[in-house]
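The residues making up each chain are set out below.
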Amino acid sequence: MQTKRLFFSIVLYWFSLYLHIPYQSVYLTSLFVTGSLLGIIVGAYGYAQVVFRIPLSIFVDKSGKQKSLMMVGSIAPAFAGMIRLLLDNPQGYFIANVVGGFGASFWVLFIVDFSKRIALSDHNRDGSALINFANQSGIFLAFIFGMLTYKSGGMRILLIASIVTSISSFILLISIQEIGIKQNSSLTYRNLDDSQSYKIMLKTVLFNKSLLKSLPVGFFYFGLLAATIQSLSIQRIALLKATEFQIGLFNVIYISSTVLMSLLIARLYHKSKELECEDMLVFSFLLKAIYHFSFMHLNNFILIGFVQVIAGVFSAISASCGIKMALATVPDEVKNVAMGLYQTFVALGMSIVPSVLGILVDRTNIITTYNIIGIVCVLLIVYSFLIKKRDFQQLITEISVSSEEMT
């Protein structure tokens, strides 16, 4: 029952965070916001996460106040929505995006807490795909709600719904009991002074092989997702004279395929212990390469809908595997720090990759840019093969040993 409440709290949390996002750029453009200012306002959401995620994660693992801070994260979108309602101007949206990014930083805590609850209820079950299913379900419902209400209710109806669902997520969390952490004597740090405890926590995380392997996955997965599927691809569809409803429908096709694939992966993880993330990532980045090599050459909406499904499958596999790898071998005492590091790389990708690709589009063209991304995906396929090799693991082991000798 506790896990189910947390699951629905996560769905509501992401619903409230994402309601306005598909319409934010269009709305701000109607307020005569310039392109450069729009980039600053939109980017504030990602950069706030980069700033807050690691310090927040360290504080939680040091203090143990997991539930209390999850509640802070769940109510933050409500404050962001109120700011947008009261300050309906570019400055208000910038402040609100910082507050929203701060709230999204707490996603780290939800992932760790949910994964622990799943492990406690069933040791053979993996929570990474299931929590991604909750995350994507919230976004999917937000897209559906926006598609059905934005034309008649505008941004105001989205912001009111965001406030209501954020408060609902907060209320659900109140009834959830805190789960304790079984301390490992070799990692006990809560009674040490801050400098010593931080040193132990960071050392444990920074030399974890599985976590280090996951960082490029997180960076490129969400960076490419934010830059192309959620931005450049939508612009391309608009140039083909798609209606607002058709654009919304393509978003729904993408996110619904992500939701369904996340659910399928959760079931596969539960039934098979031999399912390796490295193998799944090879398939995932292969799909992403196919998407980018083909998308700009398609003019038929049916075919575009098909490749949107491919994008959704890529998204589900990459997100689930990234979380699974990041937490696979990290001790419970520092799981928040580990996930904070991983999600910081996700936020960096979300902030940096769109900017780089935007410059690339300006200097070349969108077709060349997508072909280059396809080549990057091929390199990521090679990376997925390499991280299975013993050489990579041996290298990390040697770095860890050298660090221990130095300290």
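These numbers were taken from a predicted model, which means no experiment stands behind them. Residue numbers here run from 1 along each chain, matching the order of that chain's written sequence. The predicted nature of this model means local features are confined to residues of pLDDT at least 70 and side-chain atom pairs, given and counted, to a pLDDT of 80 or more, with totals for whole chains, interfaces and linings taken over all residues. Side-chain numbers come from the whole structure's heavy atoms, not from hydrogens or water.

A word on the overall build of the protein
The line we're drawing: Put simply, DSSP H or I for four residues or longer makes a helix, DSSP E for two residues or longer makes a strand, and each gets a number counted from the N terminus. Relative accessible area decides the class of each residue, using a 1.4 Å probe on protein chains only: under 20% of the type maximum gives buried, over 50% gives exposed, and in between gives partly exposed. Residues are treated as being in contact if the distance between any of their heavy atoms lies within 4.5 Å. Here the Shrake-Rupley method, with its probe set to 1.4 Å, supplies the accessible areas, and only the displayed protein chains count as covering residues.
On a plain count of helices and strands, the protein comes out with 15 helices and zero strands. The burial tally for the protein puts 53% of its 407 residues in the buried class. Excluding contacts between residues fewer than 6 apart, the proportion of contacts in the protein whose partners are at least 24 apart in sequence is 85%. Carbon and sulfur atoms make up 67% of the accessible area of the protein, which totals about 18,100 Å².

Regarding the packing of helix 1 (residues 2-18) against helix 7 (residues 128-174)
Selection rule: Only the contacting stretch of a helix is used when fitting its axis, a line to C-alpha atoms as for every element, and angles between N-to-C directions run 0 to 180 degrees. Residues are grouped as follows: Ala, Val, Leu, Ile, Met, Phe, Trp, Tyr, Cys and Pro are nonpolar; Asp, Glu, Lys and Arg are charged; all remaining types, including Gly, are polar.
Here helix 1 crosses helix 7 at 35°, and the two axes come no closer than 3 Å. Tallied by class, the residues present in the contact of helix 1 with helix 7 amount to 21 nonpolar, ten polar and one charged.

Description of the packing of aromatic side chains
Our working rule: Two aromatic rings from Phe, Tyr or Trp, using only the six-membered ring of Trp, form a pair when their centres are within 6.5 Å; if the ring planes differ by under 30 degrees the pair is stacked, by over 60 it is edge-to-face, and anything between is tilted.
Counting across every chain of the model gives 20 aromatic pairs. Ring geometry for Phe7 against Phe133: centres 5.8 Å apart, planes inclined by 35°, an arrangement best described as tilted. Here Phe133 lies in helix 7 and Phe7 lies in helix 1, a separation of 126 residues in the sequence. By the burial criterion, Phe7 is buried, and Phe133 matches it. Measuring from ring centre to ring centre gives 4.6 Å for Tyr13 and Phe110, while their planes differ by 25°; the resulting arrangement is stacked. With Tyr13 in helix 1 and Phe110 in helix 6 (residues 107-121), this pair connects stretches of sequence that are 97 residues apart. Exposure remark for Phe110: the relative accessible area of 0% places this residue in the buried category. One aromatic cluster is present, built from ring pairs that chain together Tyr13, Trp14, Tyr18, Trp107, Phe110 and Phe143.

What to know about the pattern of salt bridges
The condition is simple: Salt bridge, as used here, is a side-chain nitrogen of Lys or Arg placed within 4 Å of a carboxyl oxygen of Asp or Glu.
In this structure the tally under the stated criterion is one salt bridge. Put simply, Asp113 and Arg117 hold a salt bridge, and the shortest N to O gap is 2.6 Å. Placement of both Asp113 and Arg117 in helix 6 is noted, with a separation of four residues, approximately one turn of the helix. For Asp113, a relative accessible area of 3% puts it in the buried group.

Here's the deal with the nonpolar core
For clarity, the threshold we go by: In this text, buried Ala, Val, Leu, Ile, Met, Phe, Trp, Tyr and Cys residues form a nonpolar core when linked through side-chain atoms within 4.5 Å.
Of all hydrophobic cores here, the largest spans 120 residues; its most connected members are Ile10, Trp14, Phe110 and Met339. Considering every element that reaches this core, the biggest residue donor is helix 7, with 15 residues. Setting aside its immediate chain neighbours within four residues, Trp14 contacts Tyr45, Trp107, Asn135, Gly138 and Ile139.

Examining unusual backbone geometry
Its identity is not glycine, yet Lys241 carries a phi of approximately 70°, on the positive side. Mapped onto the fold, Lys241 is located in the loop between helix 9 (209-239) and helix 10 (244-271).

A few points about a nonpolar patch on the surface
Stated precisely, the cut-off is as follows: Excluding any residue in a salt bridge, patches collect residues exceeding 30% relative accessible area, merging like charges within 9 Å and nonpolar Val, Leu, Ile, Met, Phe, Trp and Tyr side chains within 5 Å.
On the surface, Leu37, Ile40, Phe79, Met82, Leu86, Leu87, Phe94, Ile95, Ile167, Ile171 and Ile174 cluster together into a nonpolar patch covering about 1,000 Å² of accessible area. When its relative accessible area of 34% is taken as the criterion, Ile167 is described as partly exposed.

Regarding the packing of helix 7 against helix 12 (residues 301-327)
To keep things clear, this is the line we draw: Angle categories are assigned with fixed cut-offs, so that under 35 degrees is roughly parallel, over 145 is roughly antiparallel, 65 to 115 is roughly perpendicular, and the rest are oblique. Two helices that cross are described as forming a left-handed crossing if the nearer one is turned anticlockwise from the farther one by less than a right angle, and a right-handed crossing if clockwise.
As a packed pair, helix 7 and helix 12 sit with axes 8 Å apart at the nearest point and diverge in direction by 130°. The angle between helix 7 and helix 12 falls in the class oblique. You can see that helix 7 and helix 12 cross each other, and the crossing is right-handed. Note on element contacts: helix 12 touches helix 7 through Ala316, Ala319, Ser320, Ile323 and Lys324, opposite Ser128, Ala129, Ile131 and Asn132. Considered class by class, the residues forming the contact of helix 7 with helix 12 number five nonpolar, three polar and one charged.

Notes on the confidence of the model for the protein
For residues with low pLDDT, the predicted coordinates do not support detailed interpretation. Formally: Within a predicted model, pLDDT stands for the predictor's per-residue confidence, ranging from 0 to 100.
In this model, the protein carries an average pLDDT of 82, and 87% of its residues clear a pLDDT of 70 or more. Taken element by element, the predicted model of the protein shows its lowest mean pLDDT in helix 15 (residues 390-406) (49) and its highest in helix 4 (residues 66-86) (93).

Thoughts on helix 11 (residues 277-294)
What counts is decided by this rule: Expected helix span is taken as 1.5 Å per residue step, with the number of steps being one fewer than the number of residues.
Between its first and last C-alpha, helix 11 extends 26 Å over 18 residues, near the 26 Å set by a 1.5 Å rise per residue. Within helix 11, the full set of buried residues consists of Cys277, Glu278, Met280, Leu281, Val282, Ser284, Phe285, Leu287, Lys288, Ala289, Tyr291 and His292.

Section: helix 7
Side chains three or four residues apart in an α-helix point the same way, a direct result of the helix having 3.6 residues per turn. Going by this rule: Think of it this way: the bend at a residue is just the angle between two axes, each fitted to seven residues, one set ending at that residue and the other starting at it.
Over its 47 residues, helix 7 runs only 23 Å from end to end, short of the ideal 69 Å by more than 12%, given 1.5 Å per residue. Along helix 7, the largest kink reaches about 125° and is centred on Gly153.

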